[in-house]
Amino acid sequence: MECGTSAAAAQLLKLLYDKRQMNMISTCAEPRKSTPPSVADDPRWARIVARDNTADGHLWYSVSTTGIYCRPSCPSRIANPRNVQLHDSLESAKATGFRPCKRCNPDGLSIDAENAALVAKACRLIEGSEEEPSLEKLADAVGRSPSYFHRMFRAATGVTPKDYAAAHRATKVRHGLSSHGTITEAIYDAGFNSSGRFYEKSTDMLGMTPSRYRAGGANEEIKFAVGQTSLGAILVASTNKGVAAILLGDDPDELVRDLQDRFPNAHLIGADHEYESLVAQIVGFVEAPRIGLNLPLDVRGTAFQERVWKALQEVPDGATVSYAEIALRIGAPRSLRAVAGACAANKLAVAIPCHRVVRNDGSLSGYAWGVDRKRALIDREASQSA
Ligand SMILES: [Zn+2]
């Protein structure tokens, strides 16, 4: 089993590699046979050809013809591997005496990571302000131009800063009136209208019918891509109907194997560049869980799992709840084990906030994606709650 899935993962990587390789050949004047095997056949080179940003920080390459060195995700045209040297450390890349590339800044944080950090900073600013900060003020605070900041914020979170502020206000109102159910709902709904476009979009992002899900994704094509968040690696997978899995972990390869185990009958496809913008949006949800909370989910599981997941979605961000409490809320007070099982079976990390379930005494119990990640999510949400 383990062997089979590894082989399949390797196959996927190879497909991705071949695809890039073909693209490269079509734009490259050098005939393939003149490429010596050393670099071109190195598995690390495949990650560079794929512009695999999960290799950033682990791998660098220098190009003798241009005299520069880059990180794997560098957007520049792929170099001829004949002129490339691979480096497993930044020191080794620097030792060539070449210059760091201006486009990918191989000495620093990746552009994505840098932007994610700036976006997170802007989110905290919005949350901490009484009045909604202007676009100019936010852009100024992170040292970017207003138009660049606006684009960057939207790429990372899927919403505009204005929409984000509106959603934040709505959540605040909801917390403030939590004892008055119907009023809360009315205001909550009103708050959402201001970011209607976002919710329209996200409705399309989720989905796969229960029967298909139960069949392990039989005859289903599932696209996937991996990325990085402040909590580690993330894998996002979608059917043609929407997002079917959000998985978190340390090792991208392991996440791919996990996906295969969860959808053993599906046809998994390494996703294209277009899909990466969706991944960037989900990364934004993970960085700002409040946005993820508001996603309309098409929940797919057994009837019992669906009840548990629905109850989880009703736990407000910034709050935690015990397994016993969830069991009570779904009217099955003796089903502690089954509740824990349903939490573990959740495959939409953060979007279905199973990280908010803790032991009776408030201590952290297990988390499918690691207890440290659970703690980080809980702490982040607590600090964001006014
Ligand atoms: Zn570069």
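Just above sits the structure.
Residues numbered from 1 in each chain as written. Predicted model: local features only at pLDDT ≥ 70, side-chain atom pairs only at ≥ 80, totals over all residues.

K.L.:
Please clarify how the nonpolar core should be interpreted in this entry.
P.N.:
In this structure, Ile 234, Leu 235, Val 236, Ile 246, Leu 259, Val 308 and Ile 326 are the most contacted members of the largest nonpolar core, which totals 67 residues. Among residues more than four places away in sequence, those in contact with Val 308 are Ile 326, Ile 330, Val 339, Ala 342 and Cys 343. Ranked by size, the runner-up nonpolar core spans 17 residues in total, among them Trp 60, Val 63, Tyr 69 and Cys 104. (Core = buried A, V, L, I, M, F, W, Y, C linked by C-beta atoms within 7 Å. Buried ≥ 20, exposed ≤ 12 C-beta atoms within 10 Å, placed from the backbone. Contact = placed C-beta atoms within 7 Å.)

K.L.:
Even after reading the chapter, I still don't get the sheet that holds strand β2 (residues 68-70), so can you show me in this structure?
P.N.:
Strand pairs in the sheet, formed through backbone hydrogen bonds, run parallel or antiparallel to each other. On the basis of which strands lie adjacent, the open sheet formed by 4 strands has the order β3-β1-β2-β4 and mixed pairing. Of all the strands in the sheet, the pair left with one neighbour each is β3 (84-87) and β4 (99-100). (Pairing = 2+ DSSP bridges. Helix = DSSP H or I, 4+ residues; strand = E, 2+ residues; numbered from the N terminus.)

K.L.:
Explain the packing of helix α15 (residues 303-313) against helix α17 (residues 336-345) here, please?
P.N.:
Helix-helix packing: each pair is described by the crossing angle between the helix axes and the interaxial distance. Running from N to C, α15 and α17 cross one another at 80 degrees; their axes reach a closest spacing of 9 Å. The pairing of α15 with α17 is recorded here as roughly perpendicular in orientation. Residues Phe 304, Gln 305, Val 308 and Trp 309 of α15 lie in contact with α17, whose contacting residues are Ala 338, Val 339, Ala 342, Cys 343 and Ala 345. (Axes fitted to C-alpha atoms, helices over the stretch in contact; angles between N-to-C directions. Parallel < 35°, antiparallel > 145°, perpendicular 65-115°, else oblique.)

K.L.:
Looking at this model, I keep getting lost on helix α12 (residues 252-262). Mind explaining?
P.N.:
Structurally, the α-helix is built with 3.6 residues per turn, so residues lying three or four positions apart point the same way. Within α12, the full set of buried residues consists of Pro 252, Leu 255, Val 256, Leu 259 and Gln 260. Down the axis, α12 shows its buried residues gathered within 145 degrees of arc, on one side only. (Arc of directions from axis to C-beta.)

K.L.:
When you look at α17 in this model, what are you seeing that I'm missing?
P.N.:
Those residues of α17 that fall on the buried side of the exposure criterion are Val 339, Ala 342 and Cys 343. Looking straight down α17, one finds that the buried residues subtend no more than 100 degrees of arc, so they occupy a single side. Across from the buried face of α17, at angles greater than 90 degrees, the exposed residues are Arg 337 and Ala 344. Where α17 is buried, its residues meet α15, α16 (323-329) and β10 (357-358).

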